[in-house]
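One letter stands for each residue in the lines below.
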Amino acid sequence: MKKINSKFQVVGCHAFVATTVLFGLWSCNQPKYPGPKTPEESIKAMKVHPDFEVQIYATEPFVKDPIAMTFDEKGNAYVVEMADYPFSDMEPNPPGKGNGRIVYLKDNDNDGVVDESIVFVEGISEMTSVMAWKNGLLVTAAPDIFYLEDTDGDGKSDHKEVLYTGFFTNNSEAQITNLTYAIDNWIYASNHGQAGEITSTRQADAPALSVGGSDFRFRLDKQLFERETAPAQFGQTLNDWGHRFMTQNTLHIQQAVMPGRYMHRHEFLPSKKGVENISDHELRMYQVTPAPYWRAERSRRRQEAYDEQGKGQVEHAEGHFTGASGGTVYGGDAFPEGFYGNIFTGEVAGNLVHRDVIVPHKTSPKYVASRAAEEKESEFITSTDSWFRPTSFAVSPDGNLYMVDMYRQHIETPMSIPEDLVAEMDYKQGMDMGRIYRIVPKKKKNLNRSITSKENKTTADYVKLLAHESQWWRLQAQRKLIESQDKSVVPAVVDLFNNSNDPRYRLHALYTLEGLGALNSELVKKALADSHEGVREHGAILSERYPETREALAALINDQAPRVVFQATLSLGQFNDANTINLLTNILEKNSADPWFRMAVLSSNVGSSYELFNSLNKTAFFDAYNDDKAQFIKDLAFILTKRDQSVDKFAKDVEAISKGKNESKWLLGAIEGIEKASKDGVKNQAVKTTLQSIMESTANQDVKTKLSELLKS
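Residues numbered from 1 in each chain as written. Predicted model: local features only at pLDDT ≥ 70, side-chain atom pairs only at ≥ 80, totals over all residues. Heavy atoms only, no water.

Broken down by element type, the protein carries 20 helices and 28 strands. In the protein, buried positions account for 59% of the 713 residues. Within the protein, counting contacts between residues at least 6 apart in sequence, those at least 24 apart form 64% of the total. (Helix = DSSP H or I, 4+ residues; strand = E, 2+ residues; numbered from the N terminus. Buried < 20%, exposed > 50% of the residue type's maximum accessible area, 1.4 Å probe, protein only. Contact = heavy atoms within 4.5 Å.)

Rendered as structure tokens:
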């Protein structure tokens, strides 16, 4: 095994004079930054959940600088190596060449440890993720997403096709990454909301897609690509029901509650924020490594500045999430009961692995992420090895969880570190190292591997695998069946949908039929009436294509599951008629306290219309004032003003409501919405005349003052 010689740097004693106690923690005779450990030593430095153990799968020299990995349907492991992190022009390659590689790992003696690696592709800069597709791999490497294939069977890529290009390139921590195949047959990618004009090489005539503020998703079977809710950074995962979760440095788990396609139905929503931090335990993490010298010193300087400015702000050097990465839903079949569906997140700065147990919220379409009972003040894995950098995870065909450890002395980009501290940091330390570990339960299950171990699987095998306990196998099977477009399997898949007792299998069957072009309105109606809320939710999504299912869709507005009602709200918004307005009015009356329901109604054209307001005015909605209802009126006023649609009539009506209910806050909310949408002043003369009339007739001084300021602008 190849080991590196760490450049230990000694701190001069004079540097510690007159500094804080924190700064003085380092002895004059100690190195600022510790050196590496062997893989065995690094495992010994870990404290792991008592029901699990960590095993070596691959180490240097077979893998170096690993940041992501994937398994194809045959169980072959491919790993992305990002040797040029954090500098794309880092040696040994000259600028423009790139040091990135993808290696194909082999365990030739079947002892569970890699003993050979083949370079699948090399010399590419900024590669960040990989996903099996057809006979090759999809890869993200800003500014591109491309497809690689080995056509002659030598283990090396000899075919490359750029599929999409135009993604942001200037910060390797915030570029296109995290390719993930989902239950709905779309492939999702994190873009961290970065700006870019994306073009498809397979659709030369398609206009460029502006992705600023968005993530990205695409379907190669239908040649579709579009914006998705952001920002996912390095860490994106979807559960059995297609609900998407992401990491973003200090925010270790967020949920994309509102899918991007609904947020962009019209361009006038007051906010495009479709994500929510769903953690119930905020930023605290229980790391066991002390903060590195540079962070402790930077925090000391920042705190000193905050104190001088009297801001009352606290700078945390350690113990708080700051490098959350690679959040992954565990959907395998090897772990004990209670771990399925948990989300595992690496913390590259805190040298630990955090676990979240997610459960649906009782009244809202979101989830709640909590610490497990046994980890209220601890983590799933902690390590005293400060080089331990768990960047990402992969669920494997054997049902275990593989953990990718970049193993670097420094993992943070130098962009936010003072130059004098950066000058003392050698970012090359660990460039020739890297580990991939296998997390396995101590108590093994007796699992049937008769189909999954077959080298060459038939489409009939893949139909059977749609009903596998492991989400990983179900997704692989669904992908392979859609890639094959073998219509002979349709009857068997329909049978699975009609007769399976497991709702997860029914959902995979439903979307396999969708991908095979075999879906119809009768199947969708059955999904809308399914006994499980997750299937009903996707029945609502698919019903948007079948107007004849409208009645069954409408029935879901009274569903017991908030997520189903939420999706029905979004899906009904695809229709533009009077009955839809009545249905959305009904939904809003019952759910106006939840901001996601308000946003769902407003995301549609009819749900953000003067006609909906009229419909609402005929109900008990305005009988009692509360801030949530007022927020809806404010947001509606914003949209109507942006559209220049019936704002004068709307303002008069709200004035009448305020007078009738003796509650001026209704009118104040509407005025605030109009004001927010009128940065350059009110331009519509009819609206100005109406607002002038209201100002002159009102006895309420707050209304008078607000309108006076608005009409002056």
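Still to come is the rest of the account.
Moving on, we come to helix H6 (residues 471-484). Compared with the 20 Å implied by 1.5 Å per residue over 14 residues, the 20 Å span of H6 between its first and last C-alpha is a close match. Here H6 lies mainly inside the structure; 13 of its 14 residues are buried. For H6, the N-terminal capping position is held by serine 470, with its side-chain oxygen 3.2 Å away from the main-chain nitrogen of tryptophan 472. Directly after H6, the chain includes glutamine 485, whose backbone phi takes a positive value near 50°. (Expected span 1.5 Å × (residues − 1). Polar contact = N/O pair within 3.5 Å; in protein donor to acceptor, adjacent residues only side chain to side chain.)

A few words now on empty space enclosed by the protein. This model, assessed by the stated rule, comprises two cavities of 30 Å³ or more. Its boundaries defined by the atoms lining it, the largest cavity holds a volume of some 690 Å³. Lining the largest cavity are 36 residues, and of these Leu179, Thr180, Tyr181, Thr328 and Phe393 lie nearest its centre. Contributions of two or more residues to the lining of the largest cavity are made by strand S3 (66-71), strand S7 (127-133), strand S11 (177-181), strand S17 (236-238), strand S21 (324-329), strand S26 (390-395) and H6. Considered class by class, the residues forming the lining of the largest cavity number 18 nonpolar, 16 polar and two charged. Taken as a whole, the second largest cavity holds about 30 Å³ of empty space. As for the second largest cavity, its lining consists of Thr237, Phe245, Met246, Thr247, His252, Ile253, Gly327, Ile343 and Thr345. Residue assignment for the lining of the second largest cavity shows that the elements contributing at least two residues are strand S18 (244-248), strand S19 (251-256) and strand S22 (343-347). (1 Å grid on protein atoms, 1.4 Å probe; cavity = no way out; pocket = protein on both sides within 12 Å on 5 of 7 lines; lining within 4 Å. Points joined across faces, edges and corners; volume = space filled by probe spheres on them. Nonpolar A, V, L, I, M, F, W, Y, C, P; charged D, E, K, R; others polar.)

Consider a sheet: its strands pair through backbone hydrogen bonds, and that pairing is either parallel or antiparallel. One open sheet accounts for six strands, arranged S7-S8-S9-S10-S13-S14; its pairing is antiparallel. At either end of the open sheet lies a strand with only one pairing partner, and these are S7 and strand S14 (209-210). Inspection of the sheet shows strand S13 (residues 197-200) paired to S14 by two bridges, in the antiparallel sense. Directly across from glutamate 197, in S14, lies its bridge partner serine 210. (Pairing = 2+ DSSP bridges.)

Turning next to the packing of helix H17 (residues 647-661) against helix H19 (residues 685-697). When two helices pack together, their arrangement is given by the angle between their axes and by how far apart the axes lie. Contact geometry of H17 with H19 gives a least axis separation of 8 Å together with a crossing angle of 20°. Classified by the angle between their axes, H17 and H19 sit roughly parallel to one another. Between H17 and H19, the residues in contact are Val647, Asp648, Ala651, Lys652, Glu655 and Lys659 and Ala686, Val687, Thr690, Leu691, Ile694 and Ser697, respectively. Here the contact of H17 with H19 is built from residues that sort into six nonpolar, two polar and four charged. (Axes fitted to C-alpha atoms, helices over the stretch in contact; angles between N-to-C directions. Parallel < 35°, antiparallel > 145°, perpendicular 65-115°, else oblique.)

Here the focus is the environment of glutamate 308. Of note, glutamate 308 is situated in helix H3 (residues 293-309). Note on glutamate 308: relative accessible area 66%, which makes it exposed. A C-alpha to C-alpha distance of 48 Å links glutamate 308 and leucine 691, two positions 383 residues apart in sequence.

As a further point, take the side chain of aspartate 72. With respect to the helices, strands and loops of the structure, aspartate 72 is situated in the loop between S3 and strand S4 (77-81). Despite its burial, aspartate 72 remains without a salt bridge, the nearest opposite charge being carried by arginine 479 at 6.8 Å. Among the polar contacts made by the side chain of aspartate 72, one reaches the main-chain amide nitrogen of lysine 74 at a distance of 2.9 Å. When near neighbours in sequence (up to four residues on either side) are disregarded, aspartate 72 contacts Tyr78, Ala132, Trp472 and Gln476. (Lys, Arg positive; Asp, Glu negative; His and termini not counted. Salt bridge = Lys/Arg side-chain N within 4 Å of Asp/Glu carboxyl O.)

Moving on, we get to unusual backbone geometry. Cis geometry is found at the peptide bond from glutamate 60 to proline 61, where omega equals 10°. The residue after alanine 142, namely proline 143, is reached through a cis peptide bond having omega 15°. Among the structural elements, proline 143 can be located in the loop between strand S8 (136-141) and strand S9 (144-149).

The side chains of a regular strand alternate between the sheet's two faces. Burial within strand S27 (residues 401-405) is extensive, with five of its five residues counted as buried. Residues Leu401, Met403 and Asp405 of S27 are buried on one face, and the alternating residues Tyr402 and Val404, pointing to the opposite face, are buried as well. For S26 and S27, the ladder comprises five bridges, and the chain directions are antiparallel. In the strand pairing of S27, valine 395 is matched with leucine 401. Hairpin connection of S26 to S27: five residues between the antiparallel strands, including glycine 399 at a positive phi of 90°. With five bridges connecting them, S27 and strand S28 (residues 435-441) associate as antiparallel partners.

Mapped onto the fold, isoleucine 381 is located in strand S25 (residues 381-383). On the basis of relative accessible area, isoleucine 381 is assigned to the buried category, the value being 0%. Separated by 205 residues in sequence, isoleucine 381 and isoleucine 176 have C-alpha atoms that sit 28 Å apart. Residues within four places of isoleucine 381 in sequence aside, it is in contact with Met46, Lys47, Val48, Val54, Leu352, Val353, Phe388, Met403 and Ile439.

For the protein, per-residue confidence averages 93 on the pLDDT scale, and residues scoring 70 or more make up 95% of the total. In the predicted structure, residues 1-27 sits below a pLDDT of 50 and forms 53 contacts with residues beyond four places in sequence or in another chain. (pLDDT = per-residue confidence, 0-100.)

So, about the packing of helix H16 (residues 627-643) against helix H18 (residues 665-677). Following both chains from N to C, one finds H16 and H18 inclined at 35°, their axes separated by 7 Å at the closest point. Crossing geometry of H16 relative to H18 is assigned as right-handed. Touching Lys629, Ala630, Ile633, Lys634, Ala637, Phe638, Thr641 and Lys642 of H16 are Trp666, Gly669, Ala670, Glu672, Gly673, Ile674, Lys676 and Ala677, all from H18. (Left-handed = near helix turned anticlockwise from the far one by under 90°.)

A few words now on the packing of aromatic side chains. In total, this model carries 31 aromatic pairs according to the counting rule given. Feature note: the residues Tyr610, Phe613, Phe621, Phe622, Tyr625, Phe632, Phe650 and Trp666 constitute an aromatic cluster, connected by ring pairs. Above the face of the phenylalanine 146 ring, lysine 160 is positioned so that its terminal group lies 4.4 Å from the ring centre. The cationic tip of arginine 550 hangs over the ring face of phenylalanine 575; the distance from NZ or CZ to the ring centre is 4.7 Å. (Phe/Tyr/Trp six-rings, centres within 6.5 Å; stacked < 30°, edge-to-face > 60°. Lys NZ or Arg CZ within 6 Å of the ring centre and 35° of its normal.)

What follows is about the pattern of salt bridges. Proximity of charged atoms lets side chains of opposite charge pair with each other. As enumerated under the stated definition, the model contains 43 salt bridges in all. Note that glutamate 514 is salt-bridged to arginine 545, the shortest N-O span being 2.9 Å. Taken as a pair, glutamate 514 in helix H8 (residues 503-515) and arginine 545 in the loop between helix H10 (533-543) and helix H11 (550-555) lie far apart in primary sequence, 31 residues in all. Residue lysine 661 pairs with aspartate 623 through a salt bridge whose shortest N-O separation is 3.2 Å. In this pair, lysine 661 is assigned in helix H17 and aspartate 623 in the loop between helix H15 (610-617) and H16, connecting sequence segments 38 residues apart. Exposure remark for lysine 661: the relative accessible area of 40% places this residue in the partly exposed category. Residue classification places aspartate 623 among the exposed residues on the basis of a relative accessible area of 52%. Taken together, the salt bridges that share partners define one network made up of Glu297, Arg300, Arg301, Glu304 and Asp420.

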